[in-house]
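What follows is each chain in one-letter form.
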Amino acid sequence: MKDICNLTKTELKKEIEESGEKPFRAKQIFSWLHARGAESFDDMTDLPKAFRQTLKDGYLPGSLEIEAVKRSRLDGTVKYLFALSDGGLIEGVFMAYRDWNTACISSQAGCAMGCRFCASTVNGLDRDLTAGEMAEEIYLMERDTGKHISNVVIMGSGEPLLNYEELMRFIDIMTDPDGRGMSQRSITVSTCGIVPGIIRLSKEKKNGAHLQVNLAVSLHAATDEKRKKLMPVAEKYGIAELMKAVGEYYRSTHRKITFEYALIEGVNDSDEDARELAERIKEAGVPHLVNLIPVNPVTESAFRRPARQKCDNFKNKLENFGINGSIRRELGSDIDGACGQLRMRSLGRGSKAGT
Ligand code: SF4
């Protein structure tokens, strides 16, 4: 049976019309699913009973289930392992900030990109997630925590720009005013540097205006030579080409760019690394924030995080070169914090370090 959460409002309207029902029913169902937290068709109390039965016979009201939960006792972070209907596993993280809550969601089960510090890629890519599965990650977190999620970062397992069509459908569902009505600016797409995807995203328009989602780009090193050692994607897309695409994204959208940089002891944390990083970002000429992420310490991994003072020093060096940096606040350090670790442990495998 079809997962009804995976239909945009337009798609749902078409199906409802084709079934001979009144078109306005589509809007009602869409609102129940994406704004009013319905878990079953029986929750949709303003639909006729017979119609609810028709829906039950033809659709599933969602397909994702919570498999495991880990709650931080330190800061309210909750890490989820979700089971897909085909038995696959994905992760998501609920992060509580002072004035808002953010969901970090996966866009693929597993990942093909092979970043050396990431546990999500150890078994490669299982499959792309549907837009509905991405949305359900958020809804299940809300049901479990009882808290509203206002921001989404697509930074869990997977490379969202390699699941482009579903990513666009997800954004469509999230931002539809008859559903959740989330602002485009509350959505962040994080890429390891898929240049054609960034360029395509920079051309994306809705209602005649450029899409306003935030772009986060994982750099992790400032030279092609170093980047290739950490991220195989750098073999395909060099840093000059990547920064050009980032510039194009900024010129189209006027959104500040976030650069993600995992600080790894002895690998990319020297003064010279900071200088080179500053140069690359200056060349791109875009308003930016560099998110410095001390890599998660994991016993099985050869990668270690630098001491706090070294991280501070790296940030200060960047700032001396006129680059805005911040060291990411560590959330959920008492639970499996790094991307992909919970999944790998459930699959019975050790894990590498992750961001
Ligand atoms: S860091 Fe992201 S892109 Fe790289 S392997 Fe992990 S999930 Fe994939």
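Residues numbered from 1 in each chain as written. Predicted model: local features only at pLDDT ≥ 70, side-chain atom pairs only at ≥ 80, totals over all residues. Heavy atoms only, no water.

Asker: Which parts of the structure should I look at to understand the overall build of the protein?
Answerer: Secondary structure assignment for the protein yields twelve helices and 16 strands. Radius of gyration (C-alpha) of the protein: 21 Å, near the 20 Å computed for a compact globule of 355 residues. Taking the principal axes of the C-alpha coordinates as reference, the protein spans close to 70 × 45 × 35 Å. The burial tally for the protein puts 56% of its 355 residues in the buried class. The long-range fraction of contacts in the protein, counting pairs at least 24 apart against all pairs at least 6 apart in sequence, stands at 68%. A total of about 15,200 Å² of accessible surface is found on the protein, and carbon and sulfur atoms cover 48% of it. (Helix = DSSP H or I, 4+ residues; strand = E, 2+ residues; numbered from the N terminus. Rg over C-alpha atoms; globule rule 2.2 N^0.38 Å. Buried < 20%, exposed > 50% of the residue type's maximum accessible area, 1.4 Å probe, protein only. Contact = heavy atoms within 4.5 Å. Areas by Shrake-Rupley, 256 points an atom, 1.4 Å probe, with all protein chains shown as cover.)

Asker: What should I look at first to understand the site of the ligand in this one?
Answerer: Residues in contact with the ligand, as listed here, are Cys-111, Met-113, Gly-114, Cys-115, Cys-118, Ser-120, Thr-121, Gly-156, Ser-157, Gly-158 and Cys-192. Here the shell around the ligand is built from residues that sort into five nonpolar, six polar and no charged. (Near = heavy atom within 4 Å. Nonpolar A, V, L, I, M, F, W, Y, C, P; charged D, E, K, R; others polar.)

Asker: Can you help me understand the nonpolar core in this one?
Answerer: Side chains of a nonpolar character, in soluble globular proteins, are inclined to be buried together. Judged by nonpolar contacts, the single largest core of 97 residues is most densely connected at Ile-29, Phe-170, Leu-201 and Phe-259. Counting contributing residues, this core receives three or more from each of domain 1 (2-60) and domain 2 (65-346). (Core = buried A, V, L, I, M, F, W, Y, C linked by side-chain atoms within 4.5 Å. Domains from an automatic or database assignment.)

Asker: Explain the pairing of strand E5 (residues 89-96) to me, please; I cannot follow it from the model alone.
Answerer: Across a regular strand the side chains alternate sides, sitting on one face of the sheet and then on the other. Burial analysis of E5 places eight of its eight residues in the buried class, which makes it a mostly covered element. Burial along E5 is two-sided: the residues Leu-89, Glu-91, Val-93 and Met-95 and Ile-90, Gly-92, Phe-94 and Ala-96 are all buried. The loop that links E5 with its antiparallel partner strand E6 (residues 101-104) comprises four residues. (Pairing = 2+ DSSP bridges.)

Asker: Even after reading the chapter, I still don't get the packing of aromatic side chains, so can you show me in this structure?
Answerer: For any pair of aromatic rings, geometry is given as the distance between the ring centres together with the angle between the planes. As enumerated under the stated definition, the model contains three aromatic pairs in all. Taking 5.5 Å as the distance between ring centres and 5° as the angle between the ring planes, the aromatic pair formed by Tyr-80 and Phe-82 counts as stacked. A relative accessible area of 0% places Phe-82 in the buried class. When the ring centre of Trp-32 is taken as reference, the NZ or CZ atom of Arg-36 above it lies at 3.7 Å. (Phe/Tyr/Trp six-rings, centres within 6.5 Å; stacked < 30°, edge-to-face > 60°. Lys NZ or Arg CZ within 6 Å of the ring centre and 35° of its normal.)

Asker: Quick question: what am I supposed to make of helix H10 (residues 271-284) here?
Answerer: Because an α-helix completes one turn every 3.6 residues, residues spaced three or four positions apart along the sequence face the same direction. With 14 residues, H10 extends 20 Å between its outermost C-alpha atoms, agreeing within 8% with the 20 Å of an ideal straight helix rising 1.5 Å per residue. All of the buried residues in H10 are Asp-273, Ala-274, Glu-276, Leu-277, Ala-278, Arg-280, Ile-281 and Ala-284. Against helix H7 (224-230), helix H9 (239-253), strand E14 (257-263), strand E15 (288-294) and helix H11 (308-320) lie the buried residues of H10. One or two residues past the end of H10 sits Gly-285, with phi positive at roughly 65°. (Expected span 1.5 Å × (residues − 1).)

Asker: What exactly am I supposed to notice about the pattern of salt bridges here?
Answerer: Two side chains that carry opposite charge are able to pair once their charged atoms sit near each other. Going through the model one piece at a time under the given rule, you end up with 28 salt bridges. A salt bridge links Lys-14 to Glu-18, with the shortest nitrogen-to-oxygen separation between them at 3.4 Å. Here Lys-14 and its partner Glu-18 are both found in helix H1 (residues 9-18), four residues apart, which amounts to about one turn of the helix. Pair check on accessibility: Lys-14 and Glu-18 agree, each one exposed. Between Asp-86 and Arg-127 there is a salt bridge, with the nearest N and O atoms lying 2.7 Å from each other. With Asp-86 in the loop between strand E4 (78-83) and E5 and Arg-127 in strand E8 (residues 125-128), the pair connects residues that are 41 residues apart, well separated along the chain. Residue Arg-127 is classed as partly exposed on the basis of its relative accessible area of 22%. Several salt bridges share partner residues, and in doing so they unite Glu-272, Arg-275, Glu-279, Arg-280 and Glu-283 into one network. (Salt bridge = Lys/Arg side-chain N within 4 Å of Asp/Glu carboxyl O.)

Asker: Looking at this model, I keep getting lost on the domain arrangement of the protein. Mind explaining?
Answerer: Reports of interface size often rely on the accessible area that becomes lost once the parts have come together. By the assigned domains, the protein splits into domain 1 (2-60) and domain 2 (65-346). Just the C-alpha atoms count here: the centres of domain 1 and domain 2 sit 33 Å apart. Taken together, the contacts link 16 residues of domain 1 with 14 residues of domain 2. Across the interface of domain 1 and domain 2, roughly 1,200 Å² is buried in total on both sides, 48% from carbon and sulfur atoms. At the boundary of domain 1 with domain 2, the tally comes to four salt bridges. Close ionic contact of Asp-176 with Lys-9 constitutes a salt bridge, the shortest N to O distance being 3.1 Å. (Buried area = accessible area lost by both parts, 1.4 Å probe.)

Asker: Even after reading the chapter, I still don't get the state of the cysteines, so can you show me in this structure?
Answerer: Defined simply, a disulfide is a covalent bond joining two cysteines at their sulfur atoms. Scanning the entire structure with this criterion turns up zero disulfides. Lacking any disulfide linkage, Cys-5 is separated from the closest cysteine sulfur, that of Cys-104, by 20 Å. The class of Cys-5 is buried, set by a relative accessible area of 3%. (Disulfide = S-S within 2.5 Å.)

Asker: Which parts of the structure should I look at to understand the packing of H10 against H11?
Answerer: If you want to describe how two helices pack, look at the angle between their axes and the distance between the axes. The geometry of H10 relative to H11 is characterised by a closest axis approach of 9 Å and an angle of 40° between their N-to-C directions. For the pair H10 and H11, the sense of crossing is right-handed. Two secondary-structure elements touch here, H10 through Asp-271, Asp-273, Ala-274, Leu-277 and Ala-278 and H11 through Asn-313, Phe-314, Lys-317 and Leu-318. Grouping the constituent residues of the contact of H10 with H11 by class yields five nonpolar, one polar and three charged. (Axes fitted to C-alpha atoms, helices over the stretch in contact; angles between N-to-C directions. Left-handed = near helix turned anticlockwise from the far one by under 90°.)

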